[in-house]
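Analysis of the macromolecular model
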Amino acid sequence: MEFSSKLIEEGVQAFASLPGIGKKTALRLVIHLLHEDEDLAKSISEAIYKLRTEIKYCKKCGNVSDKDICDVCSHPARDHQQICVVENFRDILSLENTGQYKGVYHTLGGLISPLDGVHPEQLNIESLISRVQNDNVQEVIMALNPTIEGDMTLFYISKRLSKFPVKVTALARGVAFGGELEFVDEITLARSLQSRQPYENYITGPHQ
Ligand SMILES: [Zn+2]
């Protein structure tokens, strides 16, 4: 695309650097912004910059938060002896939307994937181990995407936790292998959470 204005070109490039936005959509957004009041451009750019520079991550669970400790971790009615382990905060949103879960969370910040260069030490696994060790945790529910990386991470963490007197469970396979939690409907996700099973039964199945 050739533009008669360097400013337009830079605007298009900025939008097109975001996932899912091609050059045509980027141009449409640029044209829209030019037609709207200046205040819109200002408030959008300020919101994006503020989001990126001021976002905090809960010191306990790694969830996104505006405070040092997130609302879930600081809620007195949540069960702090039950930790649900998720890949990222999008999964917390999905699980919270089911309205079924009353425990707390732990965000790993990714999944183990040696092919992509993601190793256990790059994820928030040590902080999970120390929470289990120090907070009298009774159950760790592994709510990871049912993929190779999810299974690898599940296996690694359950091995690390095996020396502690904690029950490790995993979401039931109501979630299709290869699927992603954020795309699962709330009812399926709520059922998978309710019918979670001990991790030992996870691979062989409960009837073998
Ligand atoms: Zn938290």
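Thresholds applied
- Residues numbered from 1 in each chain as written.
- Predicted model: local features only at pLDDT ≥ 70, side-chain atom pairs only at ≥ 80, totals over all residues.
- Helix = DSSP H or I, 4+ residues; strand = E, 2+ residues; numbered from the N terminus.
- Rg over C-alpha atoms; globule rule 2.2 N^0.38 Å.
- Buried ≥ 20, exposed ≤ 12 C-beta atoms within 10 Å, placed from the backbone.
- Contact = placed C-beta atoms within 7 Å.
- Pairing = 2+ DSSP bridges.
- Right-handed = clockwise from strand over helix to strand, strands pointing away.
- Domains from an automatic or database assignment.
- Core = buried A, V, L, I, M, F, W, Y, C linked by C-beta atoms within 7 Å.

The next subject is the overall build of the protein. Secondary structure assignment for the protein yields 8 helices and 7 strands. In terms of overall size, the protein is more extended than a compact globule, its C-alpha atoms giving a radius of gyration of 21 Å where 208 residues would be expected to give roughly 17 Å. Over its C-alpha atoms, taken along the principal directions, the protein stretches across nearly 70 × 35 × 35 Å. Taken across its 208 residues, the protein has 27% of its residues classed as buried. Taking as baseline every contact in the protein between residues at least 6 positions apart, the subset at least 24 positions apart corresponds to 55%.

A few words on the sheet that holds strand 7 (residues 197-198). Spatial ordering of the open sheet is given by 4-3-5-6-7, a layout of 5 strands whose pairing is mixed. Looking at which strands have only one partner, the edges of the open sheet turn out to be strand 4 (103-107) and strand 7. With 2 bridges connecting them, strand 6 (residues 167-170) and strand 7 associate as antiparallel partners. Its bridge partner lying in strand 7, Ala 170 is registered against Gln 197.

Here we come to the pairing of strand 6. Pairing geometry for strand 5 (residues 139-142) and strand 6, over 4 bridges, is parallel. The residue of strand 6 that forms the bridge with Val 140 is Val 168. Crossover connection from strand 5 via helix 6 (residues 148-161) to parallel strand 6: handedness right-handed.

As paired strands, strand 3 (residues 79-86) and strand 4 are joined by 5 bridges and run parallel to one another. Among the inter-strand pairings, Cys 84 is bridged to a residue of strand 4, identified as Tyr 105. After leaving strand 3, the chain enters helix 4 (residues 89-98) and then returns to the sheet as strand 4, a path that is right-handed.

Attention now goes to the domain arrangement of the protein. Accessible area lost upon the coming together of the parts is a frequently used measure of interface size. Parsing the protein into structural domains produces domain 1 (6-54) and domain 2 (76-204). Look at where the C-alpha atoms of domain 1 and domain 2 centre, and you get two points 36 Å apart.

This brings us to the nonpolar core. Ranked by size, the top nonpolar core spans 38 residues in total, and within it Cys 84, Val 85, Tyr 105, Val 140, Met 142 and Ala 143 carry the most contacts. At 4 residues, strand 3 tops the list of elements feeding residues into this core. Aside from chain neighbours lying at most four places away, what touches Val 85 is His 106, Leu 108, Leu 128, Val 140, Ile 141, Met 142, Ala 143, Leu 144 and Ile 157.

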